[in-house]
Amino acid sequence: MSATATDAPAVRFAAACKSFGDTRVLDRFDLDIPRGEKTVIIGPSGSGKSTLLRILMTLEGIESGRVEICGETLTDRFDGVERAPRGRGRLRKIRGHVGMVFQQFNLFPHMSALENVACGPRLSLRRSRVEAEAEAEALLRRVGLGDKLGSYPLQLSGGQQQRVAIARAMALRPEVMLFDEVTSALDPELIGEVLAVMRELASETSLTMLVVTHQMGVARALADRVCFLENGRLVEQGPPEQVLDAPENPRTREFLHALNLA
Amino acid sequence: MEFSFAFALEILPKLLRGAVVTIEATLVGFLLAILVGAGLTALRRGTPRLVSGVTRWVMEFLRSTPLLVKAYFLYFALPDFGLTMAPFVAGVVALGLHHGAFASEIMRAGLDSVPRSQREAAIALNLPEGAWRTRILIPQAARPVLPGFGNLFISMLKDTPVLYSISLAEMMFVANEIGSLQFRYNEAYIVVALIYLVFSLLGAVGVRLLERRMTLPGSRP
Ligand SMILES: Nc1ncnc2c1ncn2[C@@H]1O[C@H](COP(=O)(O)OP(=O)(O)O)[C@@H](O)[C@H]1O
Ligand SMILES: [Mg+2]
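Residues numbered from 1 in each chain as written. Chains lettered and ligands numbered in written order. Predicted model: local features only at pLDDT ≥ 70, side-chain atom pairs only at ≥ 80, totals over all residues. Heavy atoms only, no water.

**Student:** Can you help me understand the site of ligand 1 in this one?
**Tutor:** Residues and elements named next belong to chain A. Contacts to ligand 1 come from Phe20, Val25, Pro44, Ser45, Gly46, Ser47, Gly48, Lys49, Ser50 and Thr51. Within the contact set of ligand 1, an oxygen atom lies 3.2 Å away from a backbone nitrogen or oxygen of Ser47. Side-chain polar atom of Lys49 to an oxygen atom of ligand 1: 2.8 Å apart, as the coordinates give it. Alone, ligand 1 offers 560 Å² of accessible surface; in the complex the protein occludes 59% of this. A total of three residues in the shell around ligand 1 trace back to one element, the largest contributor, which is helix H2 (residues 49-56). Tallied by class, the residues present in the shell around ligand 1 amount to three nonpolar, six polar and one charged. (Near = heavy atom within 4 Å. Polar contact = N/O pair within 3.5 Å; in protein donor to acceptor, adjacent residues only side chain to side chain. Areas by Shrake-Rupley, 256 points an atom, 1.4 Å probe, with all protein chains shown as cover. Helix = DSSP H or I, 4+ residues; strand = E, 2+ residues; numbered from the N terminus. Nonpolar A, V, L, I, M, F, W, Y, C, P; charged D, E, K, R; others polar.)

**Student:** Which parts of the structure should I look at to understand the sheet that holds strand S8 (residues 176-180) of chain A?
**Tutor:** Neighbouring strands of a sheet are bound in pairs by backbone hydrogen bonds; such pairs are parallel or else antiparallel. All names here are of chain A. A sheet is described by the order of its strands in space; here six strands give the open sequence S7-S8-S9-S3-S10-S11, paired in mixed fashion. Two strands close off the open sheet at either side, each with one partner strand: strand S7 (98-101) and strand S11 (233-238). Within the sheet, the average angular offset between the axes of one strand and its neighbour, ignoring direction, is 20°. In this structure, S7 lies alongside S8, joined through four bridges in parallel fashion. Across the sheet, residue Val98 finds its bridge partner in S8, namely Val176. (Pairing = 2+ DSSP bridges. Axes fitted to C-alpha atoms, helices over the stretch in contact; angles between N-to-C directions.)

**Student:** What should I look at first to understand the UniProt feature "transmembrane region" (unreviewed entry) in chain B in this one?
**Tutor:** Residues and elements named next belong to chain B. Per the UniProt record, the feature "transmembrane region" (unreviewed entry) sits at residues 20-40 and 189-210. Taken end to end, residues 20-40 comprises 100% helix and 0% strand; its first and last C-alpha atoms sit 30 Å apart. End C-alpha to end C-alpha, residues 189-210 measures 31 Å, and it is 100% helix and 0% strand. (UniProt positions renumbered as here; feature names shortened; annotations may be inferred.)

Dropping the structure here:
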């Protein structure tokens, strides 16, 4: 890897624009996330948080602007012309830097926990079954599910399913992990076990984490930096004790106030 | 009108030999229908608009023309074009084409039942397109498809007497032969009806067993 590639931020949005029909979700959006940083994104529903993560996971495209991941250009569009090199192989290579965990877990229901975690390495990286399953087992132990290897998603609680989903994403050893409201679908008593796993992941200094959440406990536990997003704009950002405890922007204050009342 | 058990028993072996042909035609026709259905489904999904549009019309055509017309065409008209088929071949091809369109509908419903989020999970895991299809999409689409395929099998079984008209020696053909030789029809037809009933019930039980085997672990029935 070249020096510029390792110096490059883990994630860079430059003047990124994204619309759904007439709804402009991102408007000339800029954001740099250094490698290893744990960034928490907060903001009202519909402000574009999921879209941001989905663009990085290649689940959505943008209309114009540039997105870079680990120094590689995912997309670079101007006047409708794509300037980044195309090709399936390249897309899959860039995707390999990123992993994502979803609000609704999205586990494969016809596979056991072990198979869910092993399937990425086996099918994407063409590892042998024995090797992939040994690693999957180690990962499941790490998230506290060493006794659930053979269980199927529908036999697991929400918290357990989400921990399997985290292990599944980590099995591909991504440099950037995206978490989209991963504790929002959980009963309150199950949030702790998932948050504990995320905290443990956060101790990996080289892992870049982008975490979208509505739960301030989650934000405080993980964030190096908190970004407050509203209508696709970065309204305020900074260390959690600043943004969450002494927000400067009135919009941030309003949002946090409304959250506390809820 | 009387029913003679002795006569029914006497003709049973003959009818059962016809039943073997019925089952063979159903099985081969069913496999063909699955192949035709898979082909149609593949041509209809993710293909250029022209291809999927033409495929839709082909399906509409296959669905809305009677099985009998297809069988007649294949058996009686194709020889004019230099293609002669045995009754069994013409019969199973007619069955396969006729029901292939239905098979495709069933498959499409199965594929549509797999939520988009599964595809997104596969993308997030960087799975190659082929692995997504064979390891994630199709195994999940197969479950809701099974009852539909079971019903398709049973309705194909009940369509086989149509092939009597292109002189395939299936069960109905044998029954008519017995009737016209011995001037007794009721035993033959009643026994044929009972054999069909038994086959249908067996088919339904088979589907039930398969379904139970394929139920997702942990799901509530
Ligand atoms: N697939 C889509 N089609 C149309 N509109 C969408 C789609 N996805 C998101 N949106 C819209 O884009 C905006 C931002 O959505 P999203 O990124 O999901 O917000 P958040 O995650 O912050 O709640 C919302 O107004 C939402 O309705
Ligand atoms: Mg969202």
